[in-house]
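Coordinate analysis (summary)
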Amino acid sequence: MVDATHANENIKTPSNVITIVRILLVPVFVVAILSPWTEWVGFGSADWQSWVAAAIFILISSTDWLDGYLARKRNEVTDFGKFLDPLADKILVMAALLVLIELGSLPSWIVLVIVAREFIVSGVRMVAASKGEVIAASYLGKFKTVFQMVAIVLFVVKGSAPIAGMGSSFALAVNVLAWAVMAVALMLTVVSMVDYLSKARHLIGFRPKDRGADENVATDMRGDGETLPERVIEAAKAAGMRIGTAESCTGGLISAALTSVAGSSEVVWGSVVSYSNDVKTARLGVSPETLETKGAVSEETACQMADGVRAALGVDVAVSVTGIAGPGGAVPGKPVGTVWIGVASVAGTHAALHRFDGDREDVRRAAVDAALGMLLASLTQR
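Description of the structure in this document.

Conventions we followed
- Residues numbered from 1 in each chain as written.
- Predicted model: local features only at pLDDT ≥ 70, side-chain atom pairs only at ≥ 80, totals over all residues.
- Heavy atoms only, no water.
- Phe/Tyr/Trp six-rings, centres within 6.5 Å; stacked < 30°, edge-to-face > 60°.
- Helix = DSSP H or I, 4+ residues; strand = E, 2+ residues; numbered from the N terminus.
- Buried < 20%, exposed > 50% of the residue type's maximum accessible area, 1.4 Å probe, protein only.
- Lys NZ or Arg CZ within 6 Å of the ring centre and 35° of its normal.
- Salt bridge = Lys/Arg side-chain N within 4 Å of Asp/Glu carboxyl O.
- Axes fitted to C-alpha atoms, helices over the stretch in contact; angles between N-to-C directions.
- Parallel < 35°, antiparallel > 145°, perpendicular 65-115°, else oblique.
- Left-handed = near helix turned anticlockwise from the far one by under 90°.
- Contact = heavy atoms within 4.5 Å.
- Nonpolar A, V, L, I, M, F, W, Y, C, P; charged D, E, K, R; others polar.

This part takes up the packing of aromatic side chains. Tallying each qualifying case throughout the model produces three aromatic pairs. With a centroid separation of 5.4 Å and 55° between ring planes, the pair formed by Phe-29 and Phe-57 is classed as tilted. Note that Phe-29 is positioned in helix H2 (residues 14–34) and Phe-57 in helix H4 (residues 49–73), a separation of 28 residues in sequence. Residue class for Phe-57 comes out buried when judged on its relative accessible area of 1%. An angle of 55° between the planes, with centres 6.0 Å apart, marks the rings of Trp-48 and Trp-51 as tilted. Taking the ring centre of Trp-269 as reference, the NZ or CZ of Arg-242 above it sits at 5.1 Å.

In structure tokens:
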């Protein structure tokens, strides 16, 4: 059996190798489109040079999907890969945009907007990382990258001789299409940046995080520097309530966040990590019928887990989490990122459905954040 920790530390995974190759191929694309290589090698037509460059760009771009797929499929998601994969995309896109400026095909202000967006988002990520936070990525960023790459391909080939040879009407249509796709890419560039800044507004001083609307950061800070786990412990002490957790996909992370707070032993009674359905049934009293008909990731299971751990530990308030953190495990209607969080107290039991973006680490962290937020809300209800 391969040690999981060792595997995650190994940077020489197939997905990482593909990412490195992708970066190394960027200069090949630049040379293919800018240099008179057809004269150097003595064959080929300069009329098709831009199409060869476009084919190389498409090849490099397509490997982005491949390395991500391999990392998830082989369970070889590494910190090195998380760092390098988005960097490879940015290097490729920036190189292509600068080439288009060099060729006079694209105004420099468009590239300035795109580059500024990347600097701003990277800066926010650095601030978040320094505070131990993760800002969940959205699909807007992915769509932005796709539209940018499609627009680049169109701009590379739209002025080529083969396009011009198909008639002025066709050449005009390709030109209009290229600009339309670039306009969408530019819009998504700005919108995805605004979305990211909105999620990180509490980090950069726009305004305090609204816990009622967004509970996605466990280390969310108030003006007094108090973290969300600290607020939960403080609220439990103030209410004189004991708390417990029942965790599946988070594997004890909620309990770890709570017990990292000094003095938490006064109110944190314990936790049941029920990763398997057998433990859910034997230790938490989840009905086998519920697991069979509704599934482990369901409202009913989350509620029964919360009720079960509250009774088993004899606590006043209990929170439960069951979900699909990925990379596998998705079923129809329940994609990766689907998480049910339940809370049981004297006031009753309820559960909420969440759908989180990102990889396994992002989903688990977001689930912890949301669970702590729901636990805090239950403790402060009057």
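Pairing between side chains becomes possible if they bear opposite charge and their charged atoms approach one another. Taken as a whole, this structure holds eight salt bridges when the rule is applied. Of the charged contacts in the structure, one is a salt bridge between Lys-144 and Glu-118, with a shortest N-O distance of 3.0 Å. With Lys-144 in helix H7 (residues 139–157) and Glu-118 in helix H6 (residues 108–130), this pair connects stretches of sequence that are 26 residues apart. As far as burial versus exposure is concerned, Lys-144 and Glu-118 are alike and both buried. Linked through salt bridges whose partners overlap, the residues forming this network are Lys-90, Arg-117, Glu-118 and Lys-144.

What follows covers the packing of helix H10 (residues 228–239) against helix H15 (residues 360–379). Taken N-terminus to C-terminus, the directions of H10 and H15 make an angle of 25°; their axes are 9 Å apart at the nearest point. Taken together, the axes of H10 and H15 lie roughly parallel to each other. In the crossing of H10 with H15, the sense of the turn from one axis to the other is left-handed. Contacts between H10 and H15 involve Leu-228, Pro-229, Arg-231, Val-232, Ala-235, Ala-236 and Ala-239 from the former and Asp-369, Leu-372, Gly-373, Leu-375, Leu-376 and Leu-379 from the latter. Classifying every residue of the contact of H10 with H15 gives 10 nonpolar, one polar and two charged.

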